[in-house]
Amino acid sequence: MTKPMDGVKVLELGQLIAGPFACKMLAEFGAEVIKIEPPETGDPLRKWRLLHEGTSVWWASQSRNKQSVTLDLRQKEGQDVIRLLIKEVDVLVENFRPGTLEKWGLGWEELKAINPRLIMLRVSGYGQTGPYKDLPGFGVVGEAMGGLRHLSGEPGRPPVRVGVSIGDSLSALHGVIGVLLALRHRDQNGGDGQVIDVALYESVFNMMESMVAEYSVFNEIRQPAGSSLPGITPSNAYRCADGKYALIAGNGDSIFKRLMTLIGRDDIGNDPEFAHNDGRSRQAEYIDGVIGQWAARHSLENVLQALHESRIPAGKIYDVADIVNDPHYKERQMLLQGELEDGTPVILPGIVPKLSATPGEVRRRAPTLGQDTASVLTALGIDEQMQQQWRKQGII
C-alpha cells in the first residue's frame with residue numbers, strides 16, 4: 001500500500017522534541033527519515049524521563065521508523081557528508097539556535113545552491129529573525145511568551161505549566177503543515193524549495209483564539225480562570241459526590257436547555273436571559289453553582305451516565321492508567337503493541353491523523369545509536385576504509 005509521503009526523503013538534524021516530533025509524523029506516513037546524531041552521546045532524548053537498559057522509553061515512540069546516522073557536524077568531514085545528503089533529500093528539518101548551521105557552512109543559501117528544490121524546516125524559540133532570535137528558547141519559554149502560561153492555573157495563584165512539552169509539540173505540528181504546503185507548492189505548482197520558519201512562541205500564540213482582538217477593542221486582558229472556559233458558559237469541572245470531577249460542556253444553546261431539564265431547572269433553561277451564551281456568561285458563577293450542586297449529589301459514574309443519555313458533552317479526567325484500559329482507545333488503535341531493543345514489550349501511542357485509504361504505520365522500531373551509519377555512508381560512496389578512519393577520529 002502506498003503512503004502519502006512515499007518517495008519523500010527527510011534529513012533530520014534536530015534533537016529532543018520539536019524537530020524530531022515533526023519527522024516522526026512524516027515517517028509514519030511513508031517518508032524516509034535519516035536522523036543525524038552526535039557520535040557516542042546521540043540525541044539527548046535517549047536519556048530523558050524513564051530509562052530502560054540505559055535508554056529512554058520515550059525514544060521508542062519518538063524515533064520509530066527512522067534511520068540513525070552518527071556524524072559530528074562540527075568537523076569538516078561531517079559537514080561534507082551533509083552536503084552529499086542534501087543532493088538527495090527533499091526536506092531538511094533542524095531546530096538548532098539560529099545561526100548554528102550558518103556557522104558550519106550549512107545555511108540556507110549554501111544548501112539551496114546544492115539543491116534548489118530543498119525544503120528547509122527551521123524550528124527555533126523566536127524564529128530566524130527579530131531582536132530575540134539569538135536568545136535560547138525552549139518550549140516553556142515559548143508557552144510563556146505565546147500567552148498560554150498566563151492563562152494557566154487558578155485566579156490569584158502562580159501560573160502552572162501543562163504537564164507535557166506542549167510548546168514543542170505545537171511547533172512540530174505547525175512544521176508538518178508547513179512541509180506539506182511547501183511540498184505541494186513545489187510539486188504541483190512548479191515552484192522551488194523554500195524555508196519554513198517556525199517559532200515556538202508563534203506556534204503557541206496561534207492557539208490563543210480571541211485574546212488579541214479582545215484586547216484591541218475592549219482593552220481586555222484575559223486572565224486565568226482555573227477549570228472554566230471564560231466567556232463560554234457552562235464549561236467547567238464539577239465535583240461529584242465521590243470526590244471525582246465531571247467535565248461538562250453545556251455551552252450550546254440547545255444543549256444548555258437539555259442540561260437544565262436534566263438537573264430539574266427548567267426555570268433557568270426557559271429563561272430568555274440564558275437563551276444564548278452572552279447572557280449565560282454574564283452569570284457564569286451562578287450557573288456553575290447550580291450545576292455544581294446537582295453534581296455534588298451524585299457519583300461521577302451516575303453523573304456521566306445521565307449526561308450521555310441526555311446528549312450533553314461530558315467526560316471524566318483520564319490518567320494514563322485510564323487511557324491504557326479504555327476500550328475506545330483500543331478500538332481506535334491508539335495503543336500499539338511494540339517492543340524495545342531487547343524485546344521488552346512496550347505500549348506506544350497510535351498514529352494520528354487517521355486516513356482511510358493511506359493510513360500511517362510503524363515499519364521499524366526506533367534505531368540504536370548509529371545503527372544505519374554504515375549503510376547510509378556506503379550508499380553515498382564513502383568506502384569502508386574511510387569510515388573506519390572516521391570512527392577513529394570521532395567523526396562518526
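Here, residues in each chain are numbered from 1, in the same order as that chain's written sequence. Owing to the predicted nature of the model, reporting of local features is limited to residues with pLDDT of at least 70; listing and counting of side-chain atom pairs is limited to 80 or more, with chain, interface and lining totals taken over all residues. Only hydrogens and water are removed before side-chain values are computed, so all heavy atoms of the structure are retained for them.

Visitor: I'm lost on the overall build of the chain in this one. Help?
Guide: Comment: elements are numbered from the N terminus, with helices defined as DSSP H or I runs of at least four residues and strands as E runs of at least two. Along the chain, the regular secondary structure elements total 19 helices and 13 strands. Considering only C-alpha atoms, the chain reaches an extent of 85 × 50 × 40 Å along its principal axes. Only protein chains enter the area calculation, which uses a 1.4 Å probe; residues under 20% of their type maximum are buried, those over 50% are exposed, and those in between are partly exposed. Out of the 396 residues belonging to the chain, those deemed buried represent 44%. Of the contacts made within the chain by residues no fewer than 6 positions apart, 66% connect residues no fewer than 24 positions apart. Method for areas: the Shrake-Rupley scheme with a 1.4 Å probe, in which residue coverage is limited to the protein chains shown. Put simply, the chain shows about 20600 Å² of open surface, and 54% of that area lies on carbon and sulfur atoms. In what follows, a contact means two residues having at least one pair of non-hydrogen atoms within 4.5 Å.

Visitor: How do you make sense of the sheet that holds strand β10 (residues 245-249) when you look at a structure like this?
Guide: Within a beta sheet, neighbouring strands are joined by backbone hydrogen bonds and run either parallel or antiparallel to one another. Strand pairing is defined by DSSP finding a minimum of two bridges between the two strands. Ordered by their spatial adjacency, 3 strands build an open sheet running β9-β10-β11, and the pairing between neighbours is antiparallel. This sheet does not close on itself; its edge strands, each paired only once, are β9 (235-239) and β11 (314-316). Neighbour-to-neighbour, the strand axes of this sheet turn through a mean angle of 25 degrees, independent of strand direction. Note that β9 and β10 share 5 bridges and pair antiparallel. Its bridge partner being in β10, A237 is matched across the sheet by L247. The axes used here are C-alpha line fits, helices contributing only the stretch in contact, and every angle between their N-to-C directions lies in the interval 0 to 180 degrees.

Visitor: Honestly, unusual backbone geometry in this entry has me stumped. Any pointers?
Guide: One can expect most non-glycine residues to show negative phi and most peptide bonds to be in trans. Omega for the bond connecting T233 with P234 falls within 30 degrees of zero, at -5 degrees, which places this linkage in the cis form. By the secondary structure assignment, P234 is in the loop between α10 (211-218) and β9. Residue P353 is bonded to the preceding V352 through a cis peptide linkage, with omega at 0 degrees. We note that R311 has phi near 60 degrees; this positive angle belongs to a residue other than glycine. Note that R311 resides in the loop between α15 (300-309) and β11. In this structure, Q333 is a non-glycine residue whose phi angle is positive, near 55 degrees. As for its position among the elements, Q333 is in the loop between α17 (327-331) and β12 (335-339). Since its relative accessible area comes to 55%, Q333 is described here as exposed.

Visitor: Even after reading the chapter, I still don't get the environment of K103, so can you show me in this structure?
Guide: Relative to the elements of secondary structure, K103 occurs in helix α4 (residues 100-103). The class for K103 is exposed, based on a relative accessible area of 65%. Once the C-alpha coordinates of K103 and L26 are considered, the two residues, 77 residues apart in sequence, prove to be 28 Å apart.

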